[in-house]
Amino acid sequence: MNPAALLATVTGRREPALALLIVLLLVLIGLRAPFFITLDSFEGVLTDTSILMMLAVAEMLVILTRGIDLSLAANVALTGMAMALLSQAYPDLPVIAYVVGAMLFGAGLGAFNGFFVAVVGLPPIVVTLGTLSMFRGLVFVLSGGAWVNKHEMSVTYQTFPMNRFLGLPHLLWIAIIVIPLMWVFMRHTKAGRSLYAIGGNPQAARYVGVPVAARLFMAYALAGLIAGLSGYLWTARFAIAYTEIAIGLELVVIAACVIGGVSIAGGVGTIPGAVLGALFLGIIANALPVMGWSPFWKQAISGAIILVAVVVNSRSERRKGKIIVRRAEEHPR
Amino acid sequence: MVAGPVLLNVRGLSKQFPGVKALDDVSLRVRAGEVMALVGENGAGKSTIVKILTGIYKPDAGTIEIAGTPMQFSRPTDAWAAGISAIHQETSVFEDLTVGENIFMGHQPTRGRGPLVDWKGIHRRSAEILDRMDVAISTRSLVRELSVAERHILGVAKALAHDAQIVIMDEPSASLSRKEIDHLMVIVRQLRDEGKGIIFISHKFVEIFEIADRYAVLRDGQLVGEGNVADVTQDELVKLMVGRSVEEVFPKVDVPIGDVVLEVSHFTHDTEFEDISFTLRKGEILGFYGLVGSGRSEVMQSIFGVTRSRSGTLSMHGRPIKISSPSEAMKHGLALVPEDRQQQGAILPLSIRQNMTLALIDQLSPRGFLSRRRELGVTRDMGARLSIKAAHWDQQVDELSGGNQQKVVIGKWLATRPEVMILDEPTKGIDIGSKAAVHEFMGELVAQGLAVILVSSELEEVRGMADRIIVMHEGRICGEFSRDEATAEAIVTVASGAQAGP
């Protein structure tokens with residue numbers, strides 16, 4: 001039994017097990033590179049992983065409903081490009097315009113997915129595979145294939161994510177706000193809970209009066225909103241927008257969900273789980289150069305970890321069979 | 001009990017599905033403070049009525065009035081808001097959510113007027129409801145961990161939580177033990193005395209006569225009789241339900257019974273069944289009766305090698321054999337036609353030909369390539385034997401009617417030339433005509449020297465077709481009857497978990 005599975009069995013829950021695993025990982029890295037275990041370095045890793053964590057949360061909404069959104073990273077690229085061009089055309093806009101604009105733009109792209117999945121009833125994988133290409137293509141159309149470089153963006157646009165408030169970069173603050181908000185939404189609102197119902201048993205969800213189509217639409221639109229916000233943050237932080245940004249990121253995001261215990265079969269998953277899954281991958285990505293390993297290892301390692309995570313998931317989720325035989329000792333009535 | 005004013009008044013309800021008239025001009029009335037039993041065979045239209053009353057289906061014609069007000073349900077929430085709550089036949093639960101959340105899903109109370117769900121309230125109120133029903137289930141345990149019976153109780157709890165005026169119970173007792181049923185009856189009476197209208201759907205006459213004030217009988221989508229339960233006998237109800245003599249639907253052929261073909265000894269599984277032993281003889285139809293969820297299908301699946309985690313031994317013609325996969329089972333001459341055609345039986349998007357030869361692919365591929373000519377040969381042969389109605393053999397299976405789909409599945413297994421054929425609910429959800437054809441065909445099978453195991457929840461089917469009947473309850477064999485001893489009362493009593501003896 002691998003350590004993750006062992007921990008999962010011991011603690012019975014994914015999140016504490018994953019948190020322990022992360023601590024273990026940090027200790028191992030710290031043995032070889034002590035400077036990795038400093039507050040400064042933590043802040044760097046967290047800031048670096050902020051976008052991935054938010055995107056994992058966005059992806060989780062959709063996976064919970066038995067769907068998948070392959071277009072999230074393309075949404076990041078398209079919204080990012082749109083906002084960068086906006087800043088180029090109107091350099092005097094305040095930051096809030098970009099933030100709100102990115103959220104609306106991204107939500108629009110997500111709603112496009114949501115329309116085809118929830119209203120037309122097409123399979124999510126087909127719809128979002130289509131919009132993945134479409135959004136990427138539109139980045140090219142919008143920019144004419146050109147890059148938007150640092151000197152073409154307004155200063156407010158590009159400095160906002162890394163400017164500090166109370167000692168922490170805005171980018172990290174946004175993650176610190178978005179993630180708990182989403183946690184409250186998923187844990188404590190009827191709309192959030194209905195996504196669990198839809199993924200757990202779509203038929204039963206309909207029977208108890210969950211407006212399934214409306215909630216599905218909401219999940220995709222909300223995922224798009226978060227992706228759009230991430231799009232602005234991404235282009236602003238790296239001060240560049242081009243067609244290929246965040247390319248392939250959708251797979252990393254899905255991986256983060258799977259590692260975080262979100263079931264691809266739907267109905268199971270938590271915000272802390274998805275966030276920890278993202279953090280796990282983020283730490284590995286940041287630790288590799290520190291350890292003196294080629295960043296190309298990153299993909300191979302995250303691939304291996306995904307396999308392990310899937311095995312752990314399927315083992316812990318495996319039906320133990322129906323309980324039919326009534327044993328006296330189990331029913332002390 | 002004096003019934004109050006009319007709560008629910010349904011007039012002229014009709015519903016047409018492709019090829020089937022599910023409901024034809026049905027009118028029903030339910031008064032406050034009365035229990036109305038809705039009876040009928042499977043496929044008679046009971047579930048369609050339930051689905052219309054709960055806003056899942058829209059009727060083609062007819063009106064629904066609640067307490068005198070005409071209603072139109074376009075969504076389940078409409079029916080819910082109008083005060084109708086149904087405990088559905090299929091356990092519609094969310095396995096990965098807690099008991100409390102299941103009870104309130106879709107209608108969670110919120111804290112004050114804010115958007116946040118009132119979890120404390122959910123768990124407190126759920127606990128109250130479960131207490132009122134006198135059941136010890138934690139509201140925080142996951143439904144995944146509940147037994148079948150507990151899941152049904154959860155269904156009742158849902159209706160109670162909603163405080164509905166009209167409660168529909170669609171076979172609420174199907175998999176409950178006698179004690180749990182008694183319990184349920186207390187709850188039903190409690191609801192009735194509170195002035196609610198209850199529609200009670202059950203196949204068990206004992207319960208109907210125990211609890212119901214009035215009855216309504218459906219047959220083939222039509223209302224064929226209604227009245228006071230006090231004025232009717234069980235025989236009269238059965239006659240109304242079936243509308244024909246038992247011999248017509250169950251053409252039992254008498255075949256000489258031969259030697260023991262299959263012997264199962266002490267089959268035991270962790271959670272699903274325990275100490276299952278029986279023998280099966282050549283030319284015999286062995287009925288397996290039990291309530292839904294009593295472990296019959298699970299036993300069959302483990303004999304066929306689908307489930308591996310079990311102990312016990314198996315022998316054929318007196319020689320011990322080991323089966324650890326379905327393909328080994330097939331090699332030993334076993335065939336299993338599973339219960340759920342859509343999930344386990346036919347591959348719907350494939351053609352009849354492709355389905356029919358699925359279990360035979362190796363034999364039909366002499367040099368590694370599938371021979372289309374041989375495939376067609378097998379398909380024509382089986383198609384003719386089973387009189388499958390199709391436009392052509394390359395027609396997709398999902399275009400066929402339920403009965404013909406079932407025939408394709410049976411044909412697939414028959415083509416493997418088995419000695420033992422296990423049929424798990426072979427006539428579930430198909431029309432009377434196809435049913436008779438499947439029954440006739442079972443007679444042919446045994447006449448050709450096969451041995452058949454018939455798993456069924458339909459008492460009349462088992463009584464009509466089987467030479468011997470084994471009754472299961474909660475994963476154990478709790479009775480065996482020869483054809484002559486098999487009275488309905490005796491079987492139902494044993495199957496519902498009552499102790500043997502008077």
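Predicted, not measured: the structure shown is a model, and the values here were computed from it.

**Topic: the overall build of chain A**
When you go through chain A residue by residue, the secondary structure sums to 14 helices and two strands. In chain A, which comprises 333 residues, the share counted as buried stands at 54%. Look at the contacts in chain A between residues 6 or more apart in sequence, and 76% of them connect residues 24 or more apart. About 14,700 Å² of surface is accessible on chain A, with carbon and sulfur atoms providing 72% of the total.

**Focus: the overall build of chain B**
The secondary structure content of chain B amounts to 18 helices and 20 strands. The globule rule puts the C-alpha radius of gyration for 502 residues at 23 Å, and the 24 Å found for chain B is close to it. Scored against the burial criterion, the 502 residues of chain B give a buried share of 57%. Taken as a whole, chain B presents about 21,200 Å² of accessible surface, with 50% of it coming from carbon and sulfur. Side chains of chain B give 56 positive and 67 negative charges; the mean places of these two sets differ by 5 Å.

**Looking at the pattern of salt bridges**
All names here are of chain B. Under the definition given, this model contains 21 salt bridges over all chains. Here Arg11 and Glu65 are joined by a salt bridge, their closest N and O atoms 2.7 Å apart. Of this pair, Arg11 sits in strand β1 (residues 6–17) while Glu65 sits in strand β4 (residues 61–66), and the two are 54 residues apart along the sequence. Looking at Arg11, the relative accessible area reads 42%, which means it is partly exposed.

**Notes on the sheet that holds strand β14 (residues 311–316) of chain B**
Hydrogen bonds between backbone groups are what pair the strands of a sheet, and the pairing can be parallel or antiparallel. All names here are of chain B. Pairing is antiparallel across the open sheet formed by four strands, whose spatial order is β12-β11-β14-β15. With one partner strand each, in any of the chains shown, β12 (276–281) and β15 (319–321) form the two edges of the open sheet. Taking the axes of each pair of neighbouring strands and ignoring which way they run, one obtains an average angle of 20° across the sheet. With three bridges joining them, β14 and β15 adopt antiparallel strand pairing. Within the sheet, the bridge partner assigned to Ser315 lies in β15 and is Pro320. Contacting β11 (260–268), β12 and β14, helix α10 (residues 296–303) runs over the sheet at an angle of about 115° to β11.

**Looking at the side chain of Glu65 of chain B**
On the accessibility criterion, Glu65 of chain B (18% relative accessible area) is buried. Polar side-chain contacts of Glu65 of chain B include one of 2.7 Å to the side chain of Arg11 of chain B.

**Observations regarding the packing of aromatic side chains**
Residues and elements named next belong to chain A. Following the criterion strictly, the structure yields eleven aromatic pairs over all chains and no others. Their ring planes at 85° and their centres at 4.8 Å tell us that Tyr98 and Tyr157 sit as a pair that is edge-to-face. One end of the pair, Tyr98, is in helix α5 (residues 95–120); the other, Tyr157, is in helix α7 (residues 155–159), with 59 residues separating them in the sequence. Assessed through its relative accessible area of 0%, Tyr98 is described here as buried. By relative accessible area, Tyr157 is classed as buried at 0%. With 4.9 Å between their ring centres and 80° between their planes, Tyr157 and Tyr232 make a pair best called edge-to-face.

**Section: the confidence of the model for chain A**
Residues and elements named next belong to chain A. When pLDDT is averaged along chain A, the result is 87, and 90% of the positions lie at 70 or above. This stretch, residues 7–11, has a pLDDT under 50; its non-local contacts, to residues over four places away or in other chains, come to nine contacts. Overall, residues 328–333 carries pLDDT values under 50, and its contacts beyond four positions in sequence, including any with other chains, amount to five contacts.

**Here we look at the domain arrangement of chain B**
Each assigned domain of chain B is listed here: domain 1 (6–243), domain 2 (244–333 + 419–502) and domain 3 (347–417). Summarising the inter-unit geometry, the C-alpha centres of domain 1 of chain B and domain 3 of chain B are found 41 Å apart.

**Here's the deal with the environment of Ser351 of chain B**
All names here are of chain B. In this fold, Ser351 is placed in the loop between α12 (341–345) and α13 (352–356). Ser351 sits 263 residues away from His88 along the chain, and the two C-alpha atoms are 34 Å apart. Apart from residues lying up to four places away in sequence, Ser351 is in contact with Trp393, Asp394, Gln395, Gln396 and Val397.

**With respect to the interface of chain B and chain A**
In this assembly, 46 residues from chain B lie in contact with 31 residues from chain A. At the junction of chain B with chain A, the criterion picks out six residue pairs in polar contact (both at pLDDT 80 or more). When residues of the side of chain B that touches chain A are traced back to their parent elements, those giving at least two are α2 (76–81) and α5 (148–162) of chain B. Among the elements that make up the side of chain B that touches chain A, the one with the highest residue count is α5 of chain B (four residues). Tallied by class, the residues present in the side of chain B that touches chain A amount to 14 nonpolar, 15 polar and 17 charged.

**Focus on helix α4 (residues 72–89) of chain A**
An ideal rise of 1.5 Å per residue puts 26 Å on 18 residues; α4 of chain A measures up with 26 Å between its terminal C-alpha atoms. Taking burial as the measure, the 18 residues of α4 of chain A include 14 buried ones, the bulk of the element.

**Details of the nonpolar core**
Grouped together as the largest cluster of nonpolar side chains are 108 residues, with contacts concentrated most on Met60, Met186, Tyr232, Phe280 and Ile283 of chain A. With 14 residues, the top contributor of residues to this core is helix α3 (residues 39–64) of chain A. If near-sequence neighbours (up to four positions away) are discounted, Tyr232 of chain A is found in contact with Gly80, Met83, Val95, Tyr98, Val99, Ala102, Thr156, Tyr157, Phe160 and Pro161 of chain A. Formed by 76 residues, the second largest nonpolar core is a distinct cluster that contains Phe288, Leu360, Ile410 and Ile469 of chain B.

**Topic: the packing of helix α8 (residues 170–188) of chain A against helix α11 (residues 212–238) of chain A**
All names here are of chain A. Running from amino to carboxyl end, α8 crosses α11 at an angle of 170°, the nearest separation of the two axes being 12 Å. The angle between α8 and α11 places the two elements in the roughly antiparallel class. Listed contacts from α11 to Leu171, Ile174, Val178, Met182 and Phe185 of α8 are Met218, Leu222, Ile226, Leu229, Leu233 and Arg237. For the contact of α8 with α11, the residue count by class is ten nonpolar, no polar and one charged.

**Details of a nonpolar patch on the surface**
Taken together, Phe115, Val119, Val120, Leu122 and Phe217 of chain A make up a surface patch of nonpolar side chains, about 420 Å² in accessible area. Among the elements that make up the nonpolar patch, the one with the highest residue count is α5 of chain A (three residues).

**Some details on the side chain of Asn113 of chain A**
Along the chain, Asn113 of chain A turns up in helix α5. What Asn113 of chain A contacts, discounting residues up to four positions off in sequence, is Asp69, Ser71, Val127, Thr128, Thr131, Phe135 and Tyr220 of chain A.

**Focus on the confidence of the model for chain B**
On average, chain B scores 84 in pLDDT, and the residues at 70 or more come to 91%. Ranking the elements of chain B by mean pLDDT puts helix α9 (residues 246–249) of chain B last with 57 and β12 of chain B first with 94.

**What about the packing of α4 of chain A against α5 of chain A?**
Residues and elements named next belong to chain A. One way to put it is that α4 packs onto α5 with a least axis distance of 10 Å and a crossing angle of 140°. Taken together, α4 and α5 sit at an angle that is classed as oblique. Along this stretch, α4 crosses α5, giving a crossing that reads as right-handed. Residues Asn75, Leu78, Thr79, Ala82, Met83, Leu86 and Ser87 of α4 touch α5, and the partners they reach there are Tyr98, Gly101, Ala102, Phe105, Gly106, Leu109 and Gly110.

**Description of the sheet that holds strand β18 (residues 451–456) of chain B**
Residue and element names in this part refer to chain B. The strand order across the open sheet built from six strands is β16-β17-β18-β13-β19-β20, with neighbouring strands paired in mixed fashion. Each end of this open sheet is capped by a strand with a single partner; those strands are β16 (334–337) and β20 (476–482). Adjacent strand axes in the sheet meet at a mean angle of 20° when their direction is disregarded. Its contacts with the sheet place helix α18 (residues 488–495) against β13 (285–290), β19 (468–473) and β20, and it is angled at close to 30° to β19.

**What about the environment of Glu339 of chain B?**
All names here are of chain B. Within the secondary structure, Glu339 sits in the loop between β16 and α12. For Glu339, a relative accessible area of 24% gives the class partly exposed. Considering only alpha carbons, one finds Glu339 and Ser456, 117 residues apart in sequence, at a separation of 9.4 Å.

**Re the environment of Met382 of chain B**
Residue and element names in this part refer to chain B. Note on placement: Met382 falls in helix α14 (residues 372–385). Linking Met382 and Lys407, residues 25 residues apart in sequence, is a C-alpha distance of 9.2 Å. Dropping the residues within four chain positions of it, Met382 is found in contact with Met356, Gly411, Leu414 and Ala415.

Conventions used here
Residues numbered from 1 in each chain as written. Chains lettered and ligands numbered in written order. Predicted model: local features only at pLDDT ≥ 70, side-chain atom pairs only at ≥ 80, totals over all residues. Heavy atoms only, no water. Helix = DSSP H or I, 4+ residues; strand = E, 2+ residues; numbered from the N terminus. Buried < 20%, exposed > 50% of the residue type's maximum accessible area, 1.4 Å probe, protein only. Contact = heavy atoms within 4.5 Å. Areas by Shrake-Rupley, 256 points an atom, 1.4 Å probe, with all protein chains shown as cover. Rg over C-alpha atoms; globule rule 2.2 N^0.38 Å. Lys, Arg positive; Asp, Glu negative; His and termini not counted. Charge placed at Lys NZ, Arg CZ, Asp CG, Glu CD. Salt bridge = Lys/Arg side-chain N within 4 Å of Asp/Glu carboxyl O. Pairing = 2+ DSSP bridges. Axes fitted to C-alpha atoms, helices over the stretch in contact; angles between N-to-C directions. Polar contact = N/O pair within 3.5 Å; in protein donor to acceptor, adjacent residues only side chain to side chain. Phe/Tyr/Trp six-rings, centres within 6.5 Å; stacked < 30°, edge-to-face > 60°. pLDDT = per-residue confidence, 0-100. Domains from an automatic or database assignment. Nonpolar A, V, L, I, M, F, W, Y, C, P; charged D, E, K, R; others polar. Expected span 1.5 Å × (residues − 1). Core = buried A, V, L, I, M, F, W, Y, C linked by side-chain atoms within 4.5 Å. Parallel < 35°, antiparallel > 145°, perpendicular 65-115°, else oblique. Patch = residues over 30% accessible without salt bridge, like charges linked within 9 Å, V, L, I, M, F, W, Y side chains within 5 Å. Left-handed = near helix turned anticlockwise from the far one by under 90°.

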